[in-house]
Every structure is written in structure tokens, then in C-alpha cells.
Amino acid sequence: MNKTASTLLLVTTILLGHETIVHGASIFDSKHNLSTSGPGTIKASGESRVCIFCHTPHNARQDIPYLWNRSAQTTIYTPYASSTLFATTVGQPTGASKLCLSCHDGTIALGTVLSKPTPIPFIGANTLSGRSTSLATDLSDDHPVSFSYQSSITSGNTELVDASILTNSPVQLDSTGQLQCTACHDPHNNAWGKFLVMSNQGSALCIKCHTKNGWSISTHANSTNTWSTGTDPWPDSDYTTVAQNGCGNCHRPHTAGRHQRLLRQVEEEKNCLACHSGQVATQSNISTELTKFYRHPVADYLGVHDAHEDFKTSTIVKHVECEDCHNPHQVNNSTAAAPAVSGKNIGVQGIDAAGAKITNAQKLYEICFKCHAAAANNVIAAPEIPRKFPQRDTRLEFNGGTSSHPVIRTTSIPYTPSLKASYQIAGSNIYCTDCHGSDNPAAGAKGPHGSTYKHLLVANYDTQDGTGYDGTRHALCFKCHDENNAAFSASGGRGGGGGGGGGGGGTFNHAGHLLVRFNDGIACATCHDPHGSSGSPNLINFNTAVVTPRSGVLSYNGASPPKCTLVCHSHSHSNSG
């Protein structure tokens with residue numbers, strides 16, 4: 001039996017005095033019973049009939065079915081609109097949706113019916129205006145209704161089930177193929193609460209239509225975490241765990257805070273931080289990270305990010321939001337080895353090593369390159385340190401020069417002698433996040449959300465000369481490079497790093513520069529560019545504010561042993577080490 005037929009049968013049985021409820025749970029015990037016997041605080045003061053507020057057996061509206069007992073509306077509504085809405089027309093409400101709104105827009109007295117010459121008196125309130133069940137006339141914060149469901153699929157929405165699948169589903173389209181309020185709500189049956197047509201635990205109702213890629217194996221679809229401290233992130237929910245709430249963790253089908261995509265909170269990041277503040281995702285207190293001085297400033301932008309944006313166009317405003325790096329519908333706990341993306345960042349757009357836009361980044365650096373490479377929307381600031389071989393495009397630093405840390409290109413043989421043994425693996429890579437991320441990952445929040453160190457570094461990286469040797473100044477470098485080898489040995493390596501052509505022969509007197517000469521006037525950054533060098537092996541790319549030419553020559557010879565011609569801190573080198 002389809003929904004129209006079952007509704008007509010229900011109305012008929014009630015009007016004839018029978019109390020058999022077709023769908024099971026009685027309307028008499030629900031808030032849709034507006035008679036004197038109703039359980040709600042808003043109800044008639046003297047009318048005992050239950051069905052009269054919507055239906056009448058005589059003199060009903062002739063232009064619609066259901067023996068409708070309410071007059072035609074002239075209200076103009078603001079429909080839902082979104083850049084990711086593929087439906088061809090979402091206009092004024094029609095069909096069953098318009099009937100629901102005759103009460104739920106809060107503009108018409110609940111007791112105003114065709115079968116009575118004057119409105120039925122009410123106690124509590126005459127309308128739903130100002131209450132949580134009032135949608136008002138602005139429907140842009142509500143799930144779209146009165147549109148051709150199949151047209152959304154035809155126009156490009158690949159994450160909806162085909163309309164034919166809904167034929168035998170609790171979710172039904174109307175006779176014209178439009179999605180109406182009655183697709184999700186049965187006004188006569190409140191067995192599941194909120195007059196839903198079925199339970200929405202685990203988003204069971206939502207996924208009758210929506211088939212988000214990767215959702216079934218995502219953390220948000222399966223986590224048993226619940227909140228125990230702080231503010232309840234789901235104050236209007238009957239469920240307690242992340243998995244039970246499902247889509248409801250972030251979305252509200254009615255009166256959503258952020259209208260496009262029906263997000264709970266107006267500020268994009270607050271939809272994430274409601275849980276990722278240590279109270280639900282207990283091992284992931286991102287809120288604290290984002291208060292650090294150096295951070296990805298997600299709170300600095302409001303309404304700039306759009307799920308449908310093309311970040312390679314020149315019209316887009318550069319920004320960062322949580323969704324730029326994380327896909328909440330696909331995120332999971334799967335692990336990966338550099339450079340591949342792990343489950344934390346799966347399903348996000350990116351820029352590949354060749355500079356092409358890709359829909360689903362396969363490597364983590366591709367996500368970073370959306371902002372840290374010369375895509376059309378990026379105005380890349382001048383580097384903090386002036387270099388002999390200037391390069392402002394991070395993608396080209398890793399993929400367009402002579403040597404680089406092995407983010408894109410893999411490690412080669414011979415190894416840089418200063419490398420710790422665990423990093424001497426030919427053909428391996430490192431992540432951008434091995435250097436850029438939380439300075440306190442032990443607290444649980446990993447990744448480049450915030451740090452006490454400049455440039456969102458995971459450890460101290462002092463670029464200033466002349467402060468005396470202290471290994472903590474170079475803590476970032478010494479994560480991978482052996483301090484005893486690099487700093488205290490005269491043959492301590494060939495310059496720190498050699499991915500993709502960074503080999504080079506011979507040894508170099510690091511100890512002499514770090515410990516003896518110029519009162520430790522030399523920082524790692526004075527000679528080495530941590531991303532890469534377009535003109536020298538071993539990441540040599542001199543800081544030209546410190547290192548200047550000697551007789552017009554500024555050079556590094558990476559042969560065995562390596563030699564330099566330059567002037568550094570007034571000390572002149574002529575093809576010497």
C-alpha cells in the first residue's frame with residue numbers, strides 16, 4: 001500500500017469512529033492530537049475531535065486530496081539553496097509539504113479550519129511561532145522539499161540512490177516523483193519520534209537516500225565514543241554515541257545553524273570542534289591546538305570555504321577550514337606510509353606533483369599543495385630567508401630542483417652519513433607533517449593544527465646565527481640527523497638530506513662550523529634550505545643575508561670533498577671546506 005492510500009484509509013477509519021491505526025503508533029498519544037485530550041502543552045480548550053484540525057468529511061478543499069480542512073496559503077517562502085544542490089528546481093512548497101507548513105510555518109492559527117466559521121480556541125499558544133517545531137517562512141535552513149528527486153541524480157548528484165530503489169522503502173516520493181515532508185515524516189505515526197517514518201539510529205533514515213562515498217567504513221559511522229564532559233554536542237538527539245547519531249553529529253535537517261549543507265553550527269570549524277575538543281574524541285583535542293600562536297587559522301574565515309569550490313580558479317579567496325584537509329564522510333583510522341594519505345585525510349582534493357588538480361588526493365603532500373604551491377588562488381609571500389636560488393612554490397622546491405628532502409622524490413644511495421640508522425632506507429619518503437605539526441603530539445592531537453614553534457614546526461628550528469651551540473636550537477633537524485654525527489664530528493655528513501638527487505660525495509666539517517668558528521655563528525638554515533635547492537646538491541641554498549659572494553663568486557662544489565667559495569661572517573672561503 002502506498003503512502004497516499006494508507007493515509008486516506010487512516011483518515012476514513014478515524015472519521016467513521018474506528019480507532020485502528022494503520023501504521024501502529026496512535027496519533028491520539030502524539031502532539032498532533034491538538035484536541036483537549038492531546039498530551040502537548042498546545043491544544044484546543046474545548047474541541048474534543050482529533051482529526052478536525054486537518055481533515056473534514058464535508059466541504060473539504062477540492063484542489064487537493066486528504067479531505068483537507070485548512071484554507072489555501074498565500075505565504076511566500078525562501079527555499080533551500082546550495083552550491084552542492086543538483087536538483088533543477090526547488091521552488092515554493094507544493095503537495096504534502098505545503099499542507100504541513102499550514103501549521104509548521106507558524107503564520108496561521110492552529111485552530112483556523114474550513115469547517116468552523118471562527119478559529120477553534122487554543123490554550124498554550126495559537127501558533128507554533130517561536131517554537132522548535134516552527135520552520136517559519138525561511139526554509140533555506142531546512143532539508144529541501146518539493147523538488148524532482150530524480151532530476152538531482154540526472155543533473156549530477158552521484159551520491160543519491162536511484163528513485164526506483166525507494167519504491168519499496170519506508171521513504172516514499174509523492175505521486176509526481178517529488179520529495180516532500182512525507183518522505184521522512186508520517187504525521188499519523190510517532191512510533192520513532194519526531195513523526196519519522198523509521199528509526200534514524202545510525203542515520204538509517206538518511207542513508208535511504210544518501211549514499212556518501214566511504215561513509216559505511218568511516219569513523220563517524222562506527223565510533224562508539226560518547227560525550228562525558230562539557231556541553232552536550234547533540235542536545236536535540238535521542239542517541240548517545242557518534243555512530244548512533246551518524247549524520248546528526250554535524251547536520252540538522254531543520255533550522256540548521258549554517259544553511260548550506262544544513263550544518264549544526266554557523267562557524268564551519270565548530271561543527272568539528274563540538275567533538276574534537278577532547279570530550280568526545282578524547283584523544284584529539286584540536287581546540288587546544290588551535291589556540292596556539294602558530295596554527296592553521298580556521299577561525300579566521302567564515303563562509304569562504306565551499307564544498308563545491310575550485311581552488312585552482314583565480315576568483316577563490318585563499319582560506320583554510322577543517323574540510324580543506326579532512327573529509328568528514330570518509331575519515332577513518334586506517335594507516336599509511338609516506339607519501340600516501342592515511343584515513344585521516346582520505347577523500348580530499350589536491351594538487352599533484354605535476355601541478356594538476358585531482359579530486360581525491362592519494363598523497364598527503366597533494367593536499368598541502370592546494371595552498372602551499374602556486375595554484376591560481378595562491379599569492380605566495382616572499383620567503384623569510386633570502387636564498388641564492390629563490391623558489392616560492394613549495395611543489396617545485398620538492399620536485400623541480402637539484403636536491404630536496406624526500407617528500408615527493410625518494411631517498412637515494414649513498415645515504416647522508418648524519419642520518420640516523422632508522423632513516424637510511426633507500427626509496428623511502430617522509431611526510432610534510434614529519435616536520436610541520438603539533439609540538440606536543442603526546443597529548444593526542446597530531447597533524448599541523450597548531451604549534452608553539454614558528455611555521456607550525458614540531459620542534460625548534462633556530463635560523464639565527466651567533467648564539468652559541470645548543471643542540472635544542474636544531475631539535476627539528478636532529479629528529480632524523482644524528483647530533484653526535486652532524487654536530488660533533490668533523491666528517492658529519494654531506495649537508496643534511498638528499499632525497500631525489502641529494503647525494504654528493506666527500507665529507508664536510510660540520511663540527512667546525514657548529515662548535516668552533518664564529519662562536520657557533522652558523523645555523524643549519526644558513527647553508528641548507530629545508531625543502532630543497534634548485535641549483536645545488538645536499539639542499540645547499542645559501543642564506544644571502546649572511547653568505548655573500550667572494551670576488552663575485554658564490555658557489556658550492558658538491559664533489560668529494562665538498563668546497564665553497566663565499567664570504568660568511570667576514571670569513572672568506574676560496575674553494576675550501
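Reading guide: rules and limits
Here the residue numbers are simple positions, counted from 1 along each chain's written sequence. The model is predicted, so local features are restricted to residues of pLDDT at least 70 and side-chain atom pairs to those at 80 or more, both for listing and for counting; the totals for chains, interfaces and linings are taken over all residues. Calculated side-chain values reflect all of the structure's heavy atoms, with hydrogen atoms and water omitted. Only runs of H or I of at least four residues qualify as helices and only runs of E of at least two qualify as strands under DSSP, and these elements are numbered from the N terminus. In this scheme, a residue with accessible area under 20% of its type's maximum is buried, one over 50% is exposed, and one in between is partly exposed, where area comes from a 1.4 Å probe on protein chains only. Note on contacts: a residue pair qualifies if any of its non-hydrogen atoms lie within 4.5 Å across the two residues. In short, Shrake-Rupley with a 1.4 Å probe defines the accessible areas, and a residue's cover is counted only from the protein chains shown. By nonpolar core is meant a set of buried Ala, Val, Leu, Ile, Met, Phe, Trp, Tyr and Cys residues that side-chain atoms within 4.5 Å join together. For two strands to count as paired, DSSP must find a minimum of two bridges between them. Nitrogen and oxygen atoms within 3.5 Å of one another constitute a polar contact, given that in protein one can donate a hydrogen and the other can accept it, and given that sequence-neighbouring residues count only through two side-chain atoms. Our working definition of a disulfide is a cysteine sulfur pair at a distance within 2.5 Å. Within this scheme the basic residues Lys and Arg register as positive and the acidic residues Asp and Glu register as negative, but His and the chain ends are omitted. Counted as salt bridges are all cases of a side-chain nitrogen of Lys or Arg within 4 Å of a carboxyl oxygen of Asp or Glu. Aromatic rings from Phe, Tyr and Trp, taking only the six-membered ring of Trp, are treated as a pair when their centres fall within 6.5 Å; an angle between ring planes under 30 degrees marks them as stacked, one over 60 as edge-to-face, and anything in between as tilted. For a ring to carry a charge above it, either NZ of a lysine or CZ of an arginine must fall within 6 Å of the ring centroid while also lying within 35 degrees of the normal to the ring plane. Note: pLDDT gives the predictor's confidence per residue, expressed from 0 to 100.

As a further point, take the overall build of the protein chain. The number of helices and strands found in the protein chain is 13 helices and 14 strands. Across the 577 residues that make up the protein chain, the buried fraction comes to 45%. Counting only contacts in the protein chain whose residues sit at least 6 apart along the sequence, the fraction spanning at least 24 positions is 53%. With an accessible surface of roughly 26,800 Å², the protein chain has 56% of that area assigned to carbon and sulfur atoms.

This next bit is on the nonpolar core. Note that soluble globular proteins tend to have their nonpolar side chains buried in a common cluster. If you look at the biggest cluster of nonpolar residues, it comprises 20 residues, and the most contacted ones within it are Y149, L166, V171, L173, L179, L205 and C209. Those residues within four positions of L179 in sequence are excluded, and the remaining contacts are H143, P144, V145, S146, F147, Y149 and L173. Listed in part, the twelve residues of the second largest apolar core include F311, F398, I408 and C432.

Okay, helix α9 (residues 364–372) next. Buried within α9 we find L364, Y365, E366, I367, F369 and K370. Here the buried face of α9 lies against α8 (322–325), β6 (350–351), β7 (357–358) and α10 (394–399).

This part is about the environment of H58. With respect to the helices, strands and loops of the structure, H58 is situated in the loop between β1 (43–44) and α2 (95–104). On the basis of relative accessible area, H58 is assigned to the exposed category, the value being 57%.

What follows is about the pairing of strand β14 (residues 571–576). Pairing between strand β13 (residues 563–568) and β14: four bridges, direction antiparallel. In the strand pairing of β14, C564 is matched with S576. Here β13 folds back onto β14 in antiparallel fashion, the turn holding two residues, of which H569 has a positive phi close to 50 degrees.

The subject of this paragraph is the environment of T94. In this structure, T94 sits in the loop between β1 and α2. Aside from chain neighbours lying at most four places away, what touches T94 is S146, Q178 and Q180. Separated by 3.2 Å, the side chains of T94 and Q180 make a polar contact.

This structure, assessed with the given rule, holds zero disulfides. In this structure C368 is a free cysteine whose sulfur lies 3.9 Å from that of C432, the closest cysteine sulfur available.

Take α2 next. A96, S97, L99, L101, S102 and C103 are the residues of α2 that are buried. A positive backbone phi angle near 75 degrees is found at G106, which sits one or two residues after α2.

On to the side chain of E366, then. With respect to the secondary-structure elements, E366 resides in helix α9. Although E366 lies buried, it forms no salt bridge, and the closest oppositely charged side chain, K363, sits 4.8 Å away as judged by the N-O distance. E366 has contacts with G350, I351, D352, I358 and A361, leaving out every residue within four places of it along the chain.

Glancing now at unusual backbone geometry. The linkage connecting A338 with the following residue, P339, adopts the cis geometry, with an omega of 10 degrees. By secondary structure assignment, the location of P339 is in the loop between α8 and β6. At L67, a position not held by glycine, the phi torsion is positive, near 50 degrees. Relative to the helices and strands, L67 resides in the loop between β1 and α2. The class of L67 is partly exposed, set by a relative accessible area of 34%. In this structure, R261 is a non-glycine residue whose phi angle is positive, near 70 degrees. Among the secondary structure elements, R261 is positioned in the loop between α5 (242–245) and α6 (268–273).

Once that is clear, we can look at the pattern of salt bridges. Between side chains of opposite charge, a pair can form as their charged atoms come close. Enumeration over the complete set of coordinates arrives at 14 salt bridges. Note that R61 and D63 form a salt bridge whose closest N and O atoms lie 2.8 Å from each other. According to the relative accessible area criterion, D63 is exposed, its value standing at 56%. Two residues, D236 and R264, come together in a salt bridge whose shortest N-O distance is 2.9 Å. Here R264 lies in the loop between α5 and α6 and D236 lies in the loop between α4 (219–222) and α5, a separation of 28 residues in the sequence. The class for D236 is partly exposed, based on a relative accessible area of 29%. By relative accessible area, which is 14% here, R264 ends up buried. Within this structure, D236, R252 and R264 form a network of salt bridges that share partners.

Evaluated as defined, the whole model comprises three aromatic pairs. Geometrically, the ring pair formed by F293 and Y294 is edge-to-face, given 4.8 Å between the ring centres and 80 degrees between the ring planes. The ring of F311 carries the charged tip of K357 above its face, separated from the ring centre by 5.7 Å. Across the ring face of F311, the terminal group of K370 is positioned such that the distance to the ring centre comes to 5.4 Å.

The predicted model of the protein chain averages 87 in pLDDT, with 89% of residues at 70 or higher. Note that residues 1–24 has pLDDT below 50 and, in this model, 34 contacts with residues that lie over four places away or in other chains. The low-confidence segment residues 490–506 (pLDDT under 50) makes 75 contacts with residues lying over four places distant or belonging to another chain.

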